[in-house]
Structure formats: structure tokens, C-alpha cells
Amino acid sequence: MSLLPIELAGPEVAAQLETSLLSDLRQSLPQSRNEAITLSVISSDGSLAAGLAGSTSYGWLLIKVLWVTPKLRRQGYARALVTNAFVRARSIGCHSSWLDTSNEQALHFYASLGFKVFGILQNQGADIPKCHKRWFLSRSI
């Protein structure tokens, strides 16, 4: 038997892969609700001002992206988005949240929300970029 060719694919294939994996997992392991949570703040001119993208699985909320436009930072939007995501995740049975960041300022922000570091990936020696770290954090919701 020979292997089929491997090709570079786009986001539609990524979504299909996730759906297929979750379907397979449901056959062997009880699942909680697996849902996307996407929140946005739209400015008066109609442009995206802030937002959060996450997903739930096994009772956990994964915060994938949290972003606030620079001119609106330090005004409470990020905190409000995370709090709103927690409420929505809790309403569908989530007990905890996790995320990762490579930004030290974001690390301090998440710590102020009660997140604790549970792991660190760090480049070593000649790895590029030199001294790069990615912190993994979690907290109960």
C-alpha cells in the first residue's frame, strides 16, 4: 500500500478536521458541549475595536485570541470580554479556562484575572527567536 499525497490545505479543511476528530472522540469518550465562543466590540465607524475567540471542550474554555485596538487598551475591554466569555462558558457547563501567550504584558494581565502558569515553552541555545517564551495559564471559572 502506498500513501496518498499530502497537500497544504486551507481553513475549511482545518474546520473539517476538527469536526471529524470531535465526532470520533464522541464515540469513545463522554463529551461536554464543544462550541465556539466569539465576542466582538464594534466601533461607531463599524470597524472591529476588540474581540475574543475561544472554544469549549471537556468542560474547558480555551481562549485562542484576545485583542483590543491600541487606542482602546487599558479601558476595561479585555477584562470585560474575558468575563463575558466566562459567563457564556459556565452557562454551557465549563468549569475552567486555559490559554497561552508569548507576550509578557499579557501574562501580567491574565495573572490579574486569576490565571496561573502551568507550563512554559522556551527556546534554547541557537533557537530563533532567541529567549522566546510561551506561557500556558489556567484558572477555574
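Note that the structure is predicted; figures quoted are calculated from it, not measured. Each residue is numbered by its place in its chain's sequence as written, counting from 1. Only residues with pLDDT of at least 70 are given local features in this predicted model, and only at 80 or more are side-chain atom pairs given and counted; all residues enter the totals for whole chains, interfaces and linings. Note that the side-chain values use all heavy atoms of the structure and ignore hydrogens as well as water.

## Some details on the overall build of the chain
A count of helical and extended segments in the chain gives 3 helices and 6 strands. Along the three orthogonal principal directions, the C-alpha set of the chain runs to about 60 × 45 × 35 Å. Evaluated residue by residue, the chain yields a buried proportion of 28% over its 141 residues. A separation threshold of at least 6 residues defines the contact pool for the chain, and within that pool the share at least 24 residues apart is 51%. Starting at the N terminus, helices and strands are each numbered in turn, a helix being any DSSP run of H or I of at least four residues and a strand any DSSP run of E of at least two. In this scheme, a residue with accessible area under 20% of its type's maximum is buried, one over 50% is exposed, and one in between is partly exposed, where area comes from a 1.4 Å probe on protein chains only. Any two residues whose heavy atoms approach within 4.5 Å at even a single point are treated as in contact.

## Notes on a nonpolar patch on the surface
The patch calculation keeps residues exceeding 30% relative accessible area without a salt bridge and links them within 9 Å when they carry like charges or within 5 Å when they are nonpolar (Val, Leu, Ile, Met, Phe, Trp, Tyr). The Shrake-Rupley method, run with a 1.4 Å probe, gives the accessible areas here. Residue values count only the displayed protein chains as cover. Throughout this description, the term salt bridge denotes a Lys or Arg side-chain nitrogen within 4 Å of a carboxyl oxygen of Asp or Glu. On the surface, I42, L48, V65 and W67 cluster together to form a nonpolar patch covering roughly 370 Å² of accessible area. The topology assignment puts V65 in strand β3 (residues 60-68). Residue V65 is classed as partly exposed on the basis of its relative accessible area of 46%.

## Focus on the environment of S23
Within the secondary structure, S23 is located in helix α1 (residues 11-28). A relative accessible area of 34% means that S23 is categorised as partly exposed.

## Quick notes on helix α3 (residues 104-112)
The α-helix winds at 3.6 residues per turn, so residues separated by three or four positions along the chain end up facing the same way. Considered for burial, the residues of α3 that qualify are A106, L107 and Y110. Buried residues of α3, seen end-on, are gathered within an arc of 105 degrees and therefore sit on one face of the element. Away from the buried face of α3 by more than 90 degrees, exposed residues E104, Q105 and H108 are located. In the core, the buried residues of α3 are packed alongside β3, β4 (96-101), β5 (116-122) and β6 (133-140). Where α3 begins, the side chain of N103 points an oxygen toward the backbone nitrogen of Q105, at a separation of 2.8 Å. Directions pointing from the helix axis toward each C-beta atom define the arc. Any pair of nitrogen or oxygen atoms within 3.5 Å is treated as a polar contact; in protein, a donor-acceptor pairing is required on top of that, and neighbouring residues in sequence qualify only through side-chain atoms on both sides.

## So, helix α2 (residues 77-91)
The end-to-end C-alpha separation of α2 is 21 Å, in line with the 21 Å expected for 15 residues at 1.5 Å each. In the core, the buried residues of α2 are packed alongside β1 (36-42), β2 (48-57), β3, β4, α3 and β6. Two residues or fewer past α2, G93 is found with a positive phi of approximately 100 degrees. Multiply 1.5 Å by the residue count of a helix minus one, and that product is the helix's expected span.

## With respect to the sheet that holds β2
The mixed open sheet is built from 6 strands, whose spatial order is β1-β2-β3-β4-β6-β5. Bordering the open sheet on either side are β1 and β5, each of which pairs with just one other strand. Strand-to-strand twist in this sheet, taken as the mean axis angle between neighbours without regard to direction, amounts to 20 degrees. Any two strands are treated as partners once DSSP identifies two or more bridges connecting them. Note: β3 against β4, 4 bridges, orientation parallel. Note on β4: the bridge partner recorded for W60 is S96. Contacts between α2 and the sheet are confined to β1, β2, β3, β4 and β6, with β3 contributing the most and set at about 155 degrees to the helix. Angles shown run from 0 to 180 degrees and are taken between the N-to-C directions of axes, each axis being a line fitted to C-alpha atoms and, for helices, limited to the stretch in contact.

## Quick look at the packing of aromatic side chains
Here the distance between the centres and the angle between the planes together describe a pair of aromatic rings. Any pair of Phe, Tyr and Trp rings, taking the six-membered ring for Trp, is counted once the centres come within 6.5 Å. Such a pair is stacked with planes under 30 degrees apart, edge-to-face with planes over 60 apart, and tilted for the rest. Counted according to the given criterion, the structure contains 4 aromatic pairs. Taking the centre distance of 6.2 Å and the plane angle of 55 degrees together, the rings of F118 and F136 count as tilted. Of this pair, F118 sits in strand β5 while F136 sits in strand β6; the two residues are 18 residues apart in sequence, bridging distant segments of the chain. What makes F136 buried here is its relative accessible area of 18%. Pairwise contacts between aromatic rings join F86, F109, Y110 and F115 into one cluster.

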